[in-house]
Structure formats: structure tokens, C-alpha cells
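Chain and residue survey
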Amino acid sequence: MSSAYAIEVDTLTKTFGRLKAVDGLSFTAEYGRVVGFIGPNGAGKTTTMRALVGHIRPDTGRAHVAGRPYRELTDPLGTVGAVLEAGAMHPGRSGRNHLRILARQGGIPARRVEEVIDGVGLGRAADRRVGGYSLGMRQRLALAAALLGDPAILMLDEPANGLDPEGIRWLREFLRGLAAEGRSVLVSSHGLAELALMVDEAVVVAHGRLVVQQPLAELRRLVGGRTVRISVPEPDRLAALLAERGHRVLGCAGDTVTVGGDDARAVGRVAFDHDIGVDRLLVEEPSLEEAYFRLTAGKESIR
Amino acid sequence: MSALTRAELMKLRTLRSTWVVLLVLPVVAVVTLMDAALDPVEHNTRIVDFMDVSLAVVSVVVAAFAAALVGGEFVRRTVGLDYLAVPRRVPVLAAKVSAFAGVGAVLGLLSALLATVVAAPIALGRDVVLDGPGDAVLRVLAVTAAVAALSALGAAVGVLVPHPAVAVGAVIGWQIVEMLLGTALGIGDYLPIRLVTTVAHLGGTVPLPVAFGLLCLYVAGAVGVALLVGRRRDLA
């Protein structure tokens, strides 16, 4: 590992015609962490990942992996594994041959092909033509290709696409395992709920710019922290009583009152003291999805 | 042979379409040759005259095949995987051209050998000049080299026109352009596809070394431009 950071993006800008896909984006990713790369369609995630592996040339700024531009790496597949497009495979070729070709190009021993096939659970399907694969199987094959060189850095663009719930769970545990081995994983996804269970840190982008880069817990705190939700038969009355006693009532919808903070005992006590029956009482963390929407709504950059 | 060229050959080996072309094209070459050879209206005086049409078919199909497969790599974005394995693009693209030159050579050799074997007995029964053994060998080698050159040219077109259908259209369209240029400017003998025929004839209006040199120059020029363009193109 020639750099403290696995991934360094510094004031990266890329324009396609009149469209500024990435606009002065900067962030880093450390080894041993899973970093979620989050943003809506057209936010510049894929363009950034492509710049990191040298598929596109930035107009300005730099995109380094392991401390240098991708094209200067002496062992690219052994340094970075990337899944930028799960469909990038010839439908007429078997999965095993797809991997064998990549191994040959990268100077990787053929036995490693068998290891990664087993590792991603492709098994006997490896000898079938890729054209007959489901999207989930293609994702697994693409992941196998990324792991071929046993890289310390992984970049995965929407790796959960097409995976069934079992596959998503497998992916989550797989990526966590890779990070536990000291690898850096940069993963973009639209499935924010899934990412929340997968990542240590989030890089939120919108309109090609950085919105925020924070550890997940810090991100949740940043967007408002925990809330207490209490479901009762008389929500309006309870909301008024809570407000009288200085609680920050955030909303009242249906039979549920939402209160800022995490003092569920105090909220429950107010209901009990006024003989209001409690159907449900729980403390909630803001979801990554909520955090994302709160951060990106009307605030293009808070960097 | 470099690891990259071996990988490119492996790509071709692991596709059914390659084997279909390898098996079918020599047969097509023989059928078109027999069609010309058995035509009572034709008054060919040399055995190589029989081969003209089949050689043209083989050359164009081989170039179109190369253009389609290389152009397809850009549409399917599999070329992105090549660039992940080897970020320096020029060796990657050069390996593709070399691999297709190799496939072209095999197809050229098979077609030329089959054509010679089939044409000889037909020619024996007619008033046709047979090649001496030296000329026959030289002709087979010349056709092999010329088809290899056209295949490399097709691969270069595939890099320049990164879409299989458009790349094939460009190869076929070039034939028409060549005919028009040949007619309008009288330079047909100096253009690539006609040069293949000239090489197969071991010379004509243009002497063999000049024809072969020109063909190499066309290939080098097209490959050079393809490498320059491919090296800088964004895979967005």
C-alpha cells in the first residue's frame, strides 16, 4: 500500500459536451472500510469511478488509487478490482472463459479463476454461456472478475442490482468480510437501506459535487439524531401534553406522535401520568435514506 | 507472442462465431471459385483468374468479421475490462489487431490452399495455364499475407467505428467507395481491396513488391490512426 488513502479524488471535474458530470469533487477512502458512494442518477458517481480506473480523462483535478493514477499501476488487477458494468461480458462466452481471458491479460495464474468462481458461488453455472445468466449471476461473475487479482481496493457500481434478497445478504457479508481483511471498498447503490447495513462511511454527491463525507453514525447525527415514536389512541392530546412539558414534538401522523431525542422513558411517563394507553413505543435512528434526502434537499454542497 | 495477443486469440477461440467463419468461409471460397471456373462463358487463361471472386469475398468477409467483433467490444464495453487489466491502451489495441491478422492469415491460407486444390483439376481439363510449384507456393503465401492484412485493417476499422453494424457497413461501404474512386480517378489498382487481387496475381499493373508495400502502408496507416483515436477515447 503506497498511500495512506486507497482512493483519493481531488477537485475532479469532467464535462461531456455541455453537461458537467463531475464538478470539483473531492473525497477519500481509507483501507479497511466500506464507503458508500451515494447520489441520484446523474450525480456523477459512475463518471468518478470511471475516472478512477482511467476509462475517462478528467478535465481537471485528479483521481488516484493506491496513491497514483490507475494507468501508472504496475499490477492493476492486483491493486484494484472494479465492477463498473455487470453486463460487460460477451453473451456467447462461458463465465469461466470470461475469467480465464481476464486472468491471462493480467498475468494471473489460472487456478485463481477456480478460487473466485467458488468464492462468489457461481459453481457449475461457470461453464454456461453468459447470455443465459440472470442479472444476479452476471453480478456474481463481474464480482469474481473484480476479485481475480486479490486486490486491496474494490470499486463496485450498483453491485446489488439484480440480486435477490439472499444474494444481497450474501453481498453485504462478503463486502464486510473484505473490509475486515483490510481492503477498501467503494460501493455505489440506489438501495440506500441496503447500503446502511453495508457501509462504514458515506460519500454523498449531487450534481457532480460533494454534499458530505461522514461516517454513517455521524451522518445520522448530522441530520437530526434519534426520534421517539409513540402510538396511542389520543395522539393529538398526547402531542399537546408533551409540548407543554417541553418535549420537541416533530409531528403527529395517524396514531403516532414523533418526538425529537431518545428519552423514551420520559415520553412514556407523560402518557402513563395522563392515563393514555400506549400501543407502541420505540426509538428510531434516522435511516440513511432520510439522511440522504435531508442532506440533498435544497442544499447542493455543505462541504 | 505476447500474453495480450494470446488473450485476444483466446477470446476468438472461445466464441462460436469464429469457428463458424473458419469452417464456412473456405467452403464459400471454393463454391465461388467453382462457379467462376465452371462457367462456360468465362475465358480465363490462368488458374489464378478463377480465384479473383472468391478472394474478394474472403477478404471482405474477413475484414467485416474483424470490424464487427472489435466494434462489438466497444458496444458491450468488454474493452473496459481489457483496459482494467492493462491500462496502457496501445498494447491492448495492438494485440487485437495482431490477433485478427493471425485469424486472417489462417483463413487466407485455408482458402488459398482449398482454392488451389479445387481449381487445379478443373484447370487441367481446360485450356488454362497451371502454376509451377514455385508460383503456387508463392501465391498461397501471398494470399495468406494479403487476407491477414485485410483482417488487420478490419480490426482497425472496428476500433475507429466502435459499433459492430456501423463498422461492418464501413467495410462494405469502402468497397463501393473504392469502385467509385477507381472509376473516377483511375487509381483503383492502388486501393486496398484491388491490391489484394494484385498480390494474389503476383503482380499486375502494379508490381508485386509495390502492391505488397502499399497494402502494408494502408494497414499501418489505419492501425496507427486507430491506436491514436483509441488511446484517447473516453469510455463514458
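Refer to the structure above for everything that follows.
Predicted model, so just to flag it, every value in this text is computed and none were measured.

**Some thoughts on the overall build of chain B**
Check the secondary structure of chain B and you find 9 helices and 0 strands. Listed by position from the N terminus, the elements making up chain B come as α-α-α-α-α-α-α-α-α. A compact globule built from 236 residues should have a C-alpha radius of gyration of about 18 Å, and chain B, at 18 Å, falls within 12% of that. Across its three principal axes, chain B shows a C-alpha extent of roughly 60 × 40 × 30 Å. Per-residue burial over chain B gives 50% buried out of 236 residues. Sequence-distant contacts in chain B: of pairs separated by 6 or more residues, those separated by 24 or more amount to 77%. Accessible surface for chain B amounts to roughly 10200 Å². Of this, 74% is attributable to carbon and sulfur atoms. Charged side chains in chain B number 16 positive and 14 negative. The centres of these two groups are separated by 18 Å.

**Re the pairing of strand E10 (residues 227-231) of chain A**
Residues and elements named next belong to chain A. When you tally the buried positions in E10, you get 4 out of 5 residues, the bulk of the element. In this structure, E10 lies alongside strand E12 (residues 256-260), joined through 5 bridges in antiparallel fashion. The residue bridging Thr227 from the neighbouring strand is Gly260, located in E12. Judged from the 5 bridges that link them, E10 and strand E13 (residues 280-284) form a sheet pairing that is antiparallel. Within E13, the residue paired with Ser231 across the bridge is Arg280.

**Re the sheet that holds E12 of chain A**
All names here are of chain A. Within the open sheet, the 4 strands sit side by side as E11-E12-E10-E13. Their pairing is antiparallel. At either end of the open sheet lies a strand with only one pairing partner, and these are strand E11 (249-253) and E13. On average, adjacent strands in this sheet sit at an angle of 15° to one another, irrespective of strand direction. Two strands pair when backbone bridges link them, and E11 and E12 are joined in this way by 4 bridges, in the antiparallel orientation. Across the sheet, Gly251 pairs through a bridge with Thr258, a residue of E12. Those strands touched by helix H10 (residues 264-273) are E10, E12 and E13, and its axis lies near 30° from that of E10.

**A word on the sheet that holds strand E4 (residues 60-65) of chain A**
All names here are of chain A. The strand order E2-E1-E4 describes an open sheet built from 3 strands, whose pairing is antiparallel. Sheet topology places strand E2 (19-30) and E4 at the edges, where each strand pairs with a single neighbour. For this sheet, the mean inter-axis angle between neighbouring strands, taken without regard to orientation, is 20°. Two strands pair when backbone bridges link them, and strand E1 (residues 5-16) and E4 are joined in this way by 5 bridges, in the antiparallel orientation. Following the sheet pairing, Asp10 is matched in E4 by Arg62. In this fold helix H1 (residues 45-52) packs onto E1, E2 and E4, with an angle of close to 115° to the strand it touches most, E1.

What counts as what
- Residues numbered from 1 in each chain as written.
- Chains lettered and ligands numbered in written order.
- Predicted model: local features only at pLDDT ≥ 70, side-chain atom pairs only at ≥ 80, totals over all residues.
- Heavy atoms only, no water.
- Helix = DSSP H or I, 4+ residues; strand = E, 2+ residues; numbered from the N terminus.
- Rg over C-alpha atoms; globule rule 2.2 N^0.38 Å.
- Buried < 20%, exposed > 50% of the residue type's maximum accessible area, 1.4 Å probe, protein only.
- Contact = heavy atoms within 4.5 Å.
- Areas by Shrake-Rupley, 256 points an atom, 1.4 Å probe, with all protein chains shown as cover.
- Lys, Arg positive; Asp, Glu negative; His and termini not counted.
- Charge placed at Lys NZ, Arg CZ, Asp CG, Glu CD.
- Pairing = 2+ DSSP bridges.
- Axes fitted to C-alpha atoms, helices over the stretch in contact; angles between N-to-C directions.

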